[in-house]
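Structure at a glance
What follows is each chain in one-letter form.
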Amino acid sequence: MSLSAAKSRVLQARTQIETGRLDDVEPTLAAAETFLAAIDPLDAAQAPAVIAQIAEIRAEMAGVLLPDDDVVAALGAGGVAEYHAKVDALDARRRAALTAAALERARPLAAGLEVLLAEGLPTGWDGNTVDRSTAQMWSLVSRARQALDTVEDSDAEVDAVRVRVDAGEAAIGPLVEDWRGRARAQAVHLEWSVLLDGVADWADETDSVADHPLEEPRLPKTREAVQRLRHFVRADPGADAAAVWAVHREAEEVFERAGAKLDAAFNAMLDDADTRPVPLRGPDLDRPRHLATAARYTFGGTRFLAANVARCEALHERWQAEVTAVMAARQSLWDRLAAAASEAWPSIVDKHAPGPFSTEPGAVVLLDRVHNRAGWEYAGDVHPFVLRYDGVVLAGDYEPHVLAALEHAWFELKLDVNDRIPWSVIAVVEGPGTVGERTVRFGREEWPPIPCVRLRIVALHAGPVVA
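Okay, so let's go over this structure. Worth saying up front: this structure is predicted, and the values here are computed from it rather than measured. (Residues numbered from 1 in each chain as written. Predicted model: local features only at pLDDT ≥ 70, side-chain atom pairs only at ≥ 80, totals over all residues. Heavy atoms only, no water.)

Observations concerning the overall build of the protein
Using the following cut-off: Note on conventions: DSSP H or I runs of at least 4 residues are helices, E runs of at least 2 residues are strands, and numbering of each starts at the N terminus. Exposure is judged per residue with a 1.4 Å probe applied to protein chains only, and the accessible area is read against the type maximum: over 50% gives exposed, under 20% gives buried, and values in between give partly exposed. What makes two residues a contact is simply this: any of their non-hydrogen atoms within 4.5 Å. Only the protein chains shown count as cover for residues, with accessible areas throughout obtained via the Shrake-Rupley method and a probe of 1.4 Å.
The helix and strand tally for the protein stands at eleven helices and eight strands. Here the protein, with 467 residues, has 39% of them falling under the buried criterion. Once local pairs closer than 6 in sequence are excluded, the contacts in the protein between residues at least 24 apart make up 70%. Carbon together with sulfur atoms contributes 56% to the accessible area of the protein, which is approximately 25200 Å² in total.

In structure tokens, the structure reads:
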């Protein structure tokens, strides 16, 4: 109500000027100032605007009255002097009112700022809470400065309040920096505890190369500890508190020890790989390359990265070179034996003198350049040589000397004599029999028996093998 009444008196004073009732203006403004003195604290922010309007009206009064020559003449020298004295007195009252109002508003704000600074910022590390607290401090500084900026005269009490506000403003920054240091230490400790959650006992893990050769060491917790700490130890603590540096030093020590443990296990696996025969084909031949990829991930960020990747790549290159040499030697042996076998085969055929194809028992037949389908369309568990020839399913068994020649090529010479190359066989017809034929029913593989003619293979020519 007091603010509304003060504004109403200001409007009334303007109306009095406009209607020429100048003598009533000053009493009306004085009434407005009385109402402002009793203003509600909630409306205090609007008081400076009203005070400024009052000052404006008084300034207008000073400019309106005196320029009128008739007025000056009517007043005379003494009257003019008296008028100026009155205006000066009114202006002094206006400035005093501004000062009083500014002090009334600024003192509680400065006191509130000092209380907040004395209480300090929250001890937790919730940035939102701290932001709200500092925002409240900056608001008090801003509002106090706005109030003090309305003062026109030099005043010791105003200067004292300014000093308090300036001191409070200067204290906010260091207070926030202190909190950041404490919060950083708390956050780092929390992050450290989370990083070790579930893997704190990594040092107790053990592994055995013999259980899984050519594989990464099975130390999951140790590997996880390295992965979790990799980025943590890369962060620069900067000028953080000693507590933060202590956590980082501990993290670096754990990172180093866990990495060294993985490195020792990884190199033990590679030492074992160096003693093993070189795999000539299949997944194991590519293991060193896969291990190099694994090493890049496992040892990333550690001092063990380059050496382990280099060792895996060196092992891969050595194995590839050895396999190339072995395969070249086997191909050379194959070529020599195949040439000799091709040269010897015609005389073997002449010796057995096979006749035209027949399924009569006792008939000697030549099956020239055929492919063994045992294990493919037909079961190979009973008869190792099966095919369909001239519309007849034939199932053959090797004579001991034929099987011995094949096994010599397979197991001793390490030659890949398989069903992908054509075979020529001479066989004696034994009689009727059965053999399993591959059938898929309702998504399931079955091998029901079908009729066949049994053979006894007495001679064979397959690539480098001749018997």
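Quick look at the pattern of salt bridges
Inclusion rule: Note on definitions: salt bridges are taken to be side-chain nitrogens of Lys or Arg within 4 Å of carboxyl oxygens of Asp or Glu.
By the definition in use, this model includes 24 salt bridges. Across the pair Arg162 and Asp149 runs a salt bridge whose closest N-O atoms are separated by 3.7 Å. Of this pair, Arg162 sits in helix H6 (residues 156-195) while Asp149 sits in the loop between helix H5 (127-148) and H6, and the two are 13 residues apart along the sequence. The salt bridge involving Glu216 is made with Arg223; its shortest N-O contact spans 3.5 Å. Here the residues in one salt-bridge network are Asp271, Asp274, Arg311, Arg318 and Glu322, joined through shared partners.

Overview of unusual backbone geometry
In terms of backbone geometry, most residues other than glycine have negative phi values and most peptide bonds are trans. Positive phi values are uncommon outside glycine, yet Leu214 reaches one of about 60 degrees. In this fold, Leu214 is placed in the loop between H6 and helix H7 (220-234). On the basis of relative accessibility, which here comes to 9%, the residue Leu214 falls in the buried class. Phi at Arg369 is positive, roughly 50 degrees, even though this residue is not glycine. Note on placement: Arg369 falls in strand S1 (residues 364-370). Judged by relative accessible area, Arg369 falls into the exposed class, the value being 58%.

Structural notes on the nonpolar core
Within soluble globular proteins, side chains that are nonpolar tend to cluster in buried spots. Under the convention used in this document: To define a nonpolar core, start from buried Ala, Val, Leu, Ile, Met, Phe, Trp, Tyr and Cys residues and group those joined through side-chain atoms within 4.5 Å.
Membership of the largest hydrophobic core comes to 33 residues, with the highest contact counts inside it found for Leu229, Phe266, Leu270, Leu291, Phe299, Cys312 and Trp319. It is helix H8 (residues 242-275) that contributes the most residues to this core, eleven residues altogether. With residues near it in sequence (within four places) discarded, Leu270 still touches Leu291, Arg311, Cys312 and Leu315. Formed by 28 residues, the second largest nonpolar core is a distinct cluster that contains Ala338, Tyr398, Ala409 and Ala462.

Here's the deal with the environment of Val25
Mapping Val25 onto the fold places it in helix H2 (residues 25-37). Using a relative accessible area of 0% as the deciding quantity, one classes Val25 as buried. In this structure the C-alpha to C-alpha distance between Val25 and Arg9, which are 16 residues apart in sequence, comes to 9.4 Å. Excluding residues within four positions of it along the chain, Val25 makes contact with Ala13, Gln16, Ile17, Ile57 and Met61.

Looking at the environment of Glu446
Stated precisely, the cut-off is as follows: N or O atoms closer than or at 3.5 Å make up a polar contact, with two conditions inside protein: a donor-capable atom paired with an acceptor-capable one, and, for residues adjacent in sequence, both atoms drawn from side chains.
Mapped onto the secondary structure, Glu446 falls in strand S6 (residues 444-446). On a C-alpha basis, the gap between Glu446 and Gly436 in space is 8.6 Å, while along the polypeptide they are ten residues apart. Residues contacting Glu446, with those up to four places away along its chain left out, are Glu437, Arg438, Thr439 and Arg441. A polar contact of 3.1 Å, which involves the side chain of Glu446, links it to the side chain of Arg444.

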